[in-house]
Amino acid sequence: MKLFADTANVEELEALVPLGIIDGVTTNPSLLAKAAADPRAVLKRICDVVGGPVSAEVVATDAAGMVREGRELAAIDPHVVVKVPFGKPGVRACRELTEDGIRVNVTLIFSAAQALLAAKVGATFVSPFVGRLDDVATPGMDLITQIVDIFQNFPLSTEVLVASTRGPMHIVEAARLGADVCTCPPKVIDALFNHPLTDIGLERFLADWARARQPVG
Ligand code: G3P
């Protein structure tokens, strides 16, 4: 499963990318709004740092506006994947941008039916939001099971990108269910590294080594 970082913070990415575990990045208007610099410059910088797919979202709400904005975003860098919100304008824009050879991530997916429609118009990625479903007492991971099952029934090239992840178990479950990609905030990626037994084990190995090397007598 590919791991994307869900952030528009270049410093966070500069720390994560050298670890070799980051395959791409997702941004959204809320994340880009936090960056002080010009959003286009930030996106270009992220593409340079990551060298993989970088989702950049349109803010237009009509199909023509989304297509126009999508083309502008795609012109920033070949790594840009245009993100459009699900809905009739988004589906129409996805079809037009895909026909132009531009990769599209259809976001704000909350049902398997929506994922299927996005796949039909050639989305490169669909982004189901698991955390926001959990927030309203609906198991987000059940939606991933449904979408992965449906996509396995047909020769679709659309990838399932699990979004709105809030903790390590979302990532583990996404991998277990066969999702193609999981995007995570950097603090969740950090949490993937942690296990107290690893820390205790290392401490013990080092202590044993130091004891064995102490001069006898
Ligand atoms: O990838 C989408 C993500 O940024 C939304 O996450 O935590 O705001 O639901 P959240």
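Residues numbered from 1 in each chain as written. Predicted model: local features only at pLDDT ≥ 70, side-chain atom pairs only at ≥ 80, totals over all residues. Heavy atoms only, no water.

## Structural notes on the overall build of the protein chain
What counts, and what does not: Segments assigned H or I by DSSP are reported as helices when at least four residues long, segments assigned E as strands when at least two residues long, and all are numbered from the N terminus. When accessible area is computed with a 1.4 Å probe and restricted to protein chains, residues below 20% of their type maximum are described as buried, those above 50% as exposed, and intermediate ones as partly exposed. We call two residues in contact whenever any of their non-hydrogen atoms come within 4.5 Å of each other. Counted charges follow a simple rule, with Lys and Arg positive, Asp and Glu negative, and His plus the chain ends left uncounted. One atom stands in for each charge, and that atom is NZ of Lys, CZ of Arg, CG of Asp or CD of Glu.
When helices and strands are counted, the protein chain shows 11 helices and eight strands. In terms of overall dimensions, the protein chain has C-alpha extents of about 85 × 40 × 30 Å along its principal axes. When burial is assessed residue by residue, the protein chain has 46% of its 217 residues classed as buried. Sequence separation of at least 24 residues holds for 57% of the intrachain contacts in the protein chain that already meet a minimum separation of 6. Charge-centre separation for the protein chain: the mean point of 20 positive side chains lies 2 Å from the mean point of 26 negative side chains.

## Some points on the pairing of strand S8 (residues 181-184)
Regular strands have side chains that alternate between both faces of the sheet. The criterion, for reference: Two strands are counted as paired when DSSP detects at least two bridges linking them. Assignment of crossover handedness uses the view with strands pointing away from the viewer, where a clockwise path from the first strand over the helix to the second indicates a right-handed crossover.
Here S8 shows two buried faces, one formed by Val181 and Thr183 and the other by Cys182 and Cys184. Here strand S1 (residues 2-6) runs beside S8; their pairing, made up of four bridges, is parallel. Bridge pairing links Phe4 to Thr183 in S8. Two elements, strand S7 (residues 159-162) and S8, share two bridges in a ladder whose sense is parallel. Across the sheet, the residue bridging to Leu161 is Val181, located in S8. Handedness of the crossover joining S7 and S8 through helix H9 (residues 168-177) is recorded here as right-handed.

## Focus on the packing of aromatic side chains
What counts is decided by this rule: Aromatic contacts are taken between Phe, Tyr and Trp rings whose centres are within 6.5 Å, Trp giving its six-membered ring; a plane angle under 30 degrees counts as stacked, one over 60 as edge-to-face, and the others as tilted.
Throughout the structure, instances matching the rule amount to two aromatic pairs. When the centroid spacing of 5.8 Å and the interplanar angle of 80 degrees are considered together, the rings of Phe4 and Phe125 count as edge-to-face. Here the residue Phe4 occupies a position in strand S1, and Phe125 occupies one in strand S6 (residues 125-128), the gap between them amounting to 121 residues. For the pair Phe110 and Phe129, a centre-to-centre distance of 5.7 Å together with 65 degrees between the ring planes defines the contact as edge-to-face. Separated by 19 residues along the polypeptide, Phe110 in the loop between strand S5 (104-109) and helix H6 (112-120) and Phe129 in the loop between S6 and helix H7 (130-135) bring together distant segments of the chain.

## Brief notes about unusual backbone geometry
At Leu108, a residue that is not glycine, the phi angle is positive and equals roughly 60 degrees. Non-glycine residue Ala137 carries a positive phi angle of around 60 degrees. When you line up the elements, Ala137 lands in the loop between H7 and helix H8 (140-152). Ala137 gets classed as exposed once you look at its relative accessible area, which sits at 72%.

## Concerning the nonpolar core
Defined as follows: Definition of nonpolar core: a set of buried residues of the types Ala, Val, Leu, Ile, Met, Phe, Trp, Tyr and Cys, connected through side-chain atoms within 4.5 Å.
Of all hydrophobic cores here, the largest spans 59 residues; its most connected members are Ile46, Leu73, Val84, Val106 and Ile147. Sequence-distant contacts of Val106, defined by excluding residues within four places in its chain, comprise Val84, Phe86, Cys94, Ala118, Ala123, Phe125, Val126 and Ser127. Residues Phe4, Val81, Phe125 and Val181 belong to the second largest nonpolar core, which totals seven residues.

## Comments concerning the packing of helix H4 (residues 63-74) against helix H5 (residues 88-99)
Short version of the rule: Axes here mean lines fitted to C-alpha atoms, for a helix over just the part in contact, with angles spanning 0 to 180 degrees between N-to-C directions. Between 65 and 115 degrees an angle is taken as roughly perpendicular, under 35 as roughly parallel, over 145 as roughly antiparallel, and anywhere else as oblique. Left-handed describes a crossing in which the near helix is turned anticlockwise from the far one by less than a right angle; the clockwise case is right-handed.
Where H4 contacts H5, the axes come no closer than 8 Å and their chain directions differ by 45 degrees. Between H4 and H5, the interaxial angle falls into the category oblique. For H4 against H5, the interelement crossing comes out right-handed. On the side of H4, the interface is formed by Ala63, Met66, Val67, Gly70 and Arg71, while H5 contributes Pro89, Gly90, Arg92, Ala93, Glu96 and Leu97.

## A look at the pairing of S7
Of the two faces of S7, the one carrying Glu159 and Leu161 and the one carrying Val160 and Val162 are both buried. In terms of strand pairing, S6 meets S7 through two bridges, oriented parallel. Bridging from a neighbouring strand, Val126 pairs with Val160 of S7.

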